[in-house]
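Tertiary structure, described
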Amino acid sequence: MTMLRVRDVGMRFGGLVALQGVSLDLNRGEILGLIGPNGAGKTTLFNCISGLLNPTEGSIFFESRSLRFAPPHERARRGIARTFQNLQLWDSMTVLENLELPIDAAGNRNTLSDALGLPFSHYAERAAAERARAILHVLELDPFVNRLAGDLPAGIQRRVELGRAIAMRPKLVLLDEPAAGLDAGETEHLAELLRTVRERFHVSMLLVDHDMSLVMKVCDYIYVLDFGKVLARGKPAEVRNDSKVIAAYLGEASPELSESGAETVEEPTIIVRSSGPVHDGESAEAAATVVPAASSETESQVLAARGEPLLEVTGLAAGYGRLEVIRDIALNVHAGEVVACIGANGAGKTTTLRAISGVIHARSGRVRFAGRNITGSRPEAIARMGLAHIPEGRGLFPRLSVEDTLRLALDSTGSKAHIEAAYDVFPRLQQRRRQAVGTLSGGEQQMVAMARAILAQPRLLMLDEMSQGLAPTIVQQLFQMIHVFRDQGIAVLLVEQFVQSALQVADRAYIFEHGSIAHEASAAELRRDRKLISGSYLGSASAGEETAIEVAANGNGHVVHPELMETVSMRMPAEIKRALEERAEREGRPAGAIALELLEEVKK
Amino acid sequence: MMPGHIVRFAVAIVAFAILARLPVGLDQAFQFDAALALIWGFGILSLVLLTGYAGQVSLCQATFAGVAAYGAGMTVSSMHGGYLLGIVIGVVFATILGVIVGLPALRLHGITLAIVTLGIALVFDRYVFQDHIFDWFTGGTGGWQVTSADLLGIKVDSSQHLLAAYDVLLALFCLVSVLMVNLHQSGAGRRLRAIRDSEVAASTMGVNLTRYKLLAFAMSAGIAGLGGSFYPLIAGSVSPQPFWVFTSLQLAAIGVLMGVRYVPAAALGGLFMAVVPDVLTRYGHGTFMNRFNYDISFDWFQIAVGVLLILQLILLPDGVWGDMRAKLLHARGAAQRKPAREAPA
């Protein structure tokens with residue numbers, strides 16, 4: 001029996017189409033998953049269903065009644081509850097109060113009787129408290145009953161939000177990323193909890209999450225959204241193997257990119273590098289005033305091979321508020337190297353970049369850049385040392401003209417470069433030099449951001465989600481720019497959702513999972529073995545073994561013990577791992593199998 | 001009634017018994033200050049409800065009090081009604097204005113709402129309280145004169161029976177305080193606090209935002225008006241000056257200073273606002289140790305409030321009362337925990 005019926009819903013914000021012709025059916029008692037890459041419109045659809053937004057087209061029916069004119073509180077009373085991606089608990093109220101409120105949110109008693117404390121109010125109050133405690137007990141939250149919601153760790157807060165949604169006696173609960181910020185163990189626990197909740201409170205659920213192990217495990221049926229449209233739907237197993245879905249998450253593999261790259265960009269001999277303070281051997285190469293595109297490639301690779309890394313991160317942990325997003329991150333980038341960070345949303349890639357560039361504080365660990373310890377330095381000081389960070393969303397000033405933006409960069413970094421250098425790389429910006437940045441297209445804006453970063457004459461460029469919200473052709477052009485940067489000896493650390501494109505340009509990649517680095521591999525290896533990455537994005541049926549096994553089992557189907565594989569992929573020092581991978585390549589056998597053999601030997 | 005309610009009423013009665021005796025021996029001016037302290041106390045109490053509970057900003061609380069004061073004055077002086085009727089009409093006027101001011105609050109938040117309410121305060125200050133078009137309401141340039149009045153048979157007028165008026169005000173203040181604390185702990189109060197903490201969460205959990213925001217503004221304006229409607233009684237006349245824009249700003253500043261989330265802060269704030277300027281004008285000049293002449297004018301009060309507000313925001317972010325209360329609770333908690341820990345050993 002259909003409980004929620006979404007029909008051809010469309011949502012526009014000005015020119016931006018967030019949802020387009022989305023139809024969806026949810027049956028009573030079902031847990032329905034809603035997945036899709038960043039910006040696919042999942043949260044927008046949630047907001048349309050819960051009434052925070054009114055869709056510009058289409059209609060939504062709940063239990064055969066239209067929700068069109070119902071404000072959010074009316075929908076809540078009809079039985080739709082929700083949780084929020086960015087925790088929306090009532091922080092200054094206790095956990096108990098947080099749950100009592102939805103129990104009598106309709107306010108069937110009047111305010112005066114509450115103020116006077118009449119018996120009528122008293123009994124209602126007592127009943128609400130009792131029910132709230134019962135729910136908290138089921139969710140194993142008893143120890144937190146009288147704590148202020150705002151003082152609790154994020155994981156507990158997520159559970160309180162779930163409890164609050166249930167307290168309303170809903171028929172349908174919309175769960176917006178309940179596993180965000182949880183580690184693997186907590187996610188596991190959450191999956192069990194969701195099933196318990198469905199049994200105990202007889203609710204249906206609509207679940208959005210980026211953690212595929214959770215979605216695949218608990219959902220009965222899955223809808224995949226991409227660019228505001230339903231891309232695919234089906235049972236978890238069907239969706240996981242759907243090539244369209246994999247493409248949406250990983251980006252289309254575009255083999256022509258790397259080949260065509262050299263031809264289409266016409267010999268950009270660009271960046272002016274005035275000789276700054278020379279720290280070590282690498283900068284001698286970088287100090288050359290004009291770097292021809294082709295010749296430097298081999299040189300930079302030679303440099304990358306020897307010498308200490310340009311950027312060296314060890315044991316880095318960081319987070320926001322009570323939430324620790326990344327822990328024990330260790331990575332390095334050599335001069336002239338392009339390194340990609342890939343992994344599902346919320347795996348900690350962006351946070352890592354932010355912690356490196358000093359935008360947020362590192363809680364522990366060390367960041368060394370160009371031979372100096374920059375942990376805890378101010379972001380502007382780090383930027384002046386030659387570490388440029390283009391944040392997600394580009395961080396531009398929309399009302400400033402292109403030229404002003406670039407001049408500002410020159411002034412504030414004290415760079416000696418000439419503005420023409422940027423126009424040489426991005427000729428299109430010269431035509432648009434008087435235009436306000438906010439009126440440019442997304443691709444052009446990204447060019448401005450990159451030009452700005454380049455003018456600061458960086459030695460390392462960190463690009464966060466460069467291709468977000470851009471059309472594929474533009475994305476290709478931007479990726480070609482990375483080749484250009486590399487040729488000039490600028491190292492690039494890349495966070496990218498178009499994984500395949502990123503792997504085309506990258507030398508190495510780190511795969512992030514749950515706030516730490518799960519694998520490190522050469523891009524060539526990852527290109528060959530798509531399964532490895534799709535595992536970290538889409539999870540696998542027998543969660544727990546998941547990705548690690550796939551690495552081990554690749555090729556000949558030799559399955560390694562999951563626990564062992566865990567140690568192989570996560571706890572192994574990078575050097576040993578690389579050696580193992582090399583040996584695996586030489587012998588043509590999976591790395592996991594070799595590791596297993598070695599371990600057996602050690603045991604003997 | 002729940003045990004909590006009984007305790008609160010008992011505390012209120014004790015507080016009334018103590019505070020009612022407080023201004024007895026003082027001269028008329030200080031007795032007037034004591035009554036005025038309660039009127040501004042109501043003003044801050046209304047902010048506790050509106051800002052402290054429901055999280056809405058308002059910079060026109062003195063306007064609500066003023067409308068009620070003029071309403072009461074008009075009823076008593078020009079319509080020759082009893083003072084009880086005057087109070088009722090004053091409160092009703094203020095409440096209606098509160099609902100009207102609440103309408104923009106359905107859409108606006110924070111600084112924009114502050115500016116809109118400040119605009120309302122300015123309009124009333126300049127174009128209602130001081131304009132001849134509204135003479136029927138304001139009583140013209142001289143304002144309304146209230147020379148003799150009684151409340152349920154108790155003689156309460158400024159010249160002879162200031163203390164009686166003070167007692168009635170105090171009783172009402174204690175009563176409203178208790179009701180507000182009750183409200184804070186009840187379902188309706190929770191809904192208001194939910195709006196303060198997260199509006200989206202409140203609405204998606206079934207709280208009717210329109211209803212509760214308007215209710216908050218109406219109740220708040222009514223409370224401010226209840227205090228304001230006593231003004232003609234204790235001052236003997238109504239004039240625009242006490243209810244001008246600056247008073248509204250001062251109410252907000254002192255409310256935040258004392259701890260806008262807590263009911264007792266309203267009493268502290270009212271006292272501070274009414275008594276300190278008077279003390280300054282009276283004892284602010286003289287000679288210190290027969291040597292240093294000093295002259296602290298009333299204007300210094302404004303500066304002092306500003307400085308204190310900045311200090312409070314840094315040192316006592318939850319307001320004077322809020323942080324004091326936290327310290328007391330902490331100390332009590334520690335004292336209770338100690339024996340408990342020793343018991344098993």
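Residues numbered from 1 in each chain as written. Chains lettered and ligands numbered in written order. Predicted model: local features only at pLDDT ≥ 70, side-chain atom pairs only at ≥ 80, totals over all residues. Heavy atoms only, no water.

This part covers the overall build of chain B. The helix and strand tally for chain B stands at 15 helices and four strands. Looking at chain B as a whole, 51% of its 345 residues are labelled buried. Partitioning the contacts of chain B with sequence separation of at least 6, the portion at a separation of at least 24 is 75%. As displayed, chain B offers around 15,500 Å² of accessible surface, 70% of which is attributable to carbon and sulfur atoms. (Helix = DSSP H or I, 4+ residues; strand = E, 2+ residues; numbered from the N terminus. Buried < 20%, exposed > 50% of the residue type's maximum accessible area, 1.4 Å probe, protein only. Contact = heavy atoms within 4.5 Å. Areas by Shrake-Rupley, 256 points an atom, 1.4 Å probe, with all protein chains shown as cover.)

Per the secondary structure count, chain A includes 27 helices and 20 strands. Per-residue burial for chain A yields a buried fraction of 56% across its 604 residues. Taking the intrachain contacts of chain A between residues at least 6 apart in sequence as the baseline, contacts between residues at least 24 apart amount to 69%. Surface accessibility of chain A: about 24,900 Å² in total, with carbon and sulfur atoms responsible for 51%.

Turning next to the sheet that holds strand E4 (residues 57–62) of chain A. Residues and elements named next belong to chain A. Taken in spatial order, the four strands line up as E2-E1-E4-E5 in an open sheet, and their pairing is antiparallel. Unpaired on one side and paired on the other, strand E2 (16–27) and strand E5 (65–66) mark the two borders of the sheet. Pairing of E4 with E5 involves two bridges; the strand directions are antiparallel. The residue bridging Phe 62 from the neighbouring strand is Arg 65, located in E5. (Pairing = 2+ DSSP bridges.)

What follows covers the nonpolar core. In terms of nonpolar packing, the biggest core is built from 156 residues, with Leu194(A), Leu45(B) and Met180(B) touching the most fellow members. For this core, the element with the most residues is helix H2 (residues 28–53) of chain B, which contributes 15 residues. Each of domain 1 (1–79 + 169–250) and domain 2 (89–168) of chain A accounts for three or more of the residues forming this core. Other than its neighbours up to four places away in sequence, Leu45(B) contacts Phe173(B), Val176(B), Ser177(B), Met180(B), Ile223(B), Val263(B) and Ala266(B). Among the nonpolar cores identified, the runner-up in size contains 52 residues, and Val425(A), Ile482(A), Val492(A) and Ala521(A) belong to it. (Core = buried A, V, L, I, M, F, W, Y, C linked by side-chain atoms within 4.5 Å. Domains from an automatic or database assignment.)

All names here are of chain B. As enumerated under the stated definition, the model contains 11 aromatic pairs over all chains in all. On the numbers, 6.2 Å between centres and 70° between planes, the contact of Trp 40 with Phe 243 is edge-to-face. Residue Trp 40 is found in helix H2, and its partner Phe 243 is found in the loop between helix H11 (231–235) and helix H12 (245–258); the two are separated by 203 residues along the sequence. The pair Trp 40 / Phe 243 is uniform in exposure class, with both members buried. Ring geometry for Phe 42 versus Phe 173: centroids 5.3 Å apart, planes at 85°, classification edge-to-face. Placement of the pair is Phe 42 in helix H2 and Phe 173 in helix H7 (residues 162–185), with a sequence separation of 131 residues. According to the relative accessible area criterion, Phe 42 is buried, its value standing at 0%. Taken together, Tyr 70, Phe 93, Phe 124, Phe 129, Phe 134, Trp 136 and Phe 137 form an aromatic cluster joined through their ring pairs. (Phe/Tyr/Trp six-rings, centres within 6.5 Å; stacked < 30°, edge-to-face > 60°.)

Next up on the list: the interface of chain B and chain A. Taken together, the contact between chain B and chain A spans 32 residues of the former and 34 residues of the latter. Of the roughly 2,800 Å² buried where chain B meets chain A, counting both sides, 57% is carbon and sulfur surface. Counting the surface chain B buries against chain A, the share from its top three residues, Arg190(B), Thr204(B) and Met205(B), is 27%. The interface formed by chain B and chain A holds five salt bridges in total. With a shortest N-O distance of 2.7 Å, Glu97(A) and Arg193(B) are connected by a salt bridge. Across the chain B-chain A interface, the total number found is 15 residue pairs in polar contact (both at pLDDT 80 or more). Broken down by element, the side of chain B that touches chain A gets its largest block of residues, eight residues, from helix H8 (residues 187–197) of chain B. (Buried area = accessible area lost by both parts, 1.4 Å probe. Salt bridge = Lys/Arg side-chain N within 4 Å of Asp/Glu carboxyl O. Polar contact = N/O pair within 3.5 Å; in protein donor to acceptor, adjacent residues only side chain to side chain.)

This part takes up the packing of H12(B) against helix H14 (residues 299–315) of chain B. Residues and elements named next belong to chain B. Running from amino to carboxyl end, H12 crosses H14 at an angle of 35°, the nearest separation of the two axes being 9 Å. Here the hand of the crossing between H12 and H14 comes out left-handed. Mapping the contact onto sequence places Phe 246, Gln 250, Ala 253, Ile 254, Val 256 and Leu 257 in H12 and Phe 301, Gln 302, Val 305, Leu 308, Leu 309, Gln 312 and Leu 313 in H14. Of the residues that constitute the contact of H12 with H14, the class distribution is 10 nonpolar, three polar and no charged. (Axes fitted to C-alpha atoms, helices over the stretch in contact; angles between N-to-C directions. Left-handed = near helix turned anticlockwise from the far one by under 90°. Nonpolar A, V, L, I, M, F, W, Y, C, P; charged D, E, K, R; others polar.)

This next bit is on the pairing of strand E3 (residues 285–288) of chain B. Residue and element names in this part refer to chain B. The pairing of E3 with strand E4 (residues 292–295) spans four bridges and is classified as antiparallel. When the sheet's bridge partners are listed, Phe 288 is paired in E4 with Phe 292. Following E3, the chain reverses through three residues before pairing antiparallel with E4; Met 289 in that reversal takes a positive phi of roughly 55°.

Let us now look at H2(B). Residue and element names in this part refer to chain B. For H2, which comprises 26 residues, the first-to-last C-alpha distance of 36 Å matches the rise-based estimate of 38 Å (1.5 Å per residue) to within 8%. At Leu 47, H2 is bent by approximately 25°, the largest bend along its length. Counting buried positions along H2 yields 22 of 26 residues, so the element is predominantly enclosed. (Expected span 1.5 Å × (residues − 1). Bend = angle between axes of the 7 residues up to and from the residue.)

Residue and element names in this part refer to chain A. Examined bridge by bridge, strand E9 (residues 221–226) and strand E10 (residues 229–234) share five bridges and lie antiparallel to one another. Bridge pairing links Val 224 to Ala 232 in E10. Counting the residues in the hairpin turn of E9 and E10 gives two residues, including Phe 227, whose phi is positive at 50°.

Of all residues in chain A, 77% attain a pLDDT of 70 or more, and the chain-wide mean is 77. Low pLDDT, under 50, characterises residues 540–572 of chain A; the predicted model gives this stretch 53 contacts beyond four residues in sequence or across chains. (pLDDT = per-residue confidence, 0-100.)

Below, the discussion takes up the environment of Glu585(A). Residue and element names in this part refer to chain A. Turning to its location among the elements, Glu 585 is positioned in helix H26 (residues 574–587). Given the relative accessible area of 52%, Glu 585 is considered exposed. Taking the C-alpha atoms as reference, Glu 585 lies 9.3 Å from Glu 525; in sequence the two are 60 residues apart.

A word on the environment of Thr147(B). Note that Thr147(B) resides in the loop between helix H6 (135–138) and strand E1 (150–151). Separated by 85 residues in sequence, Thr147(B) and Pro232(B) have C-alpha atoms that sit 9.1 Å apart.

On to unusual backbone geometry. Residues and elements named next belong to chain A. Not every positive phi belongs to a glycine, and Glu 140 is a case in point at roughly 60°. Along the chain, the position of Glu 140 falls in the loop between helix H5 (119–138) and helix H6 (154–167). One non-glycine residue, His 202, lies in positive phi territory at about 50°. Mapped onto the elements of the fold, His 202 is located in the loop between helix H7 (184–201) and strand E8 (204–208).

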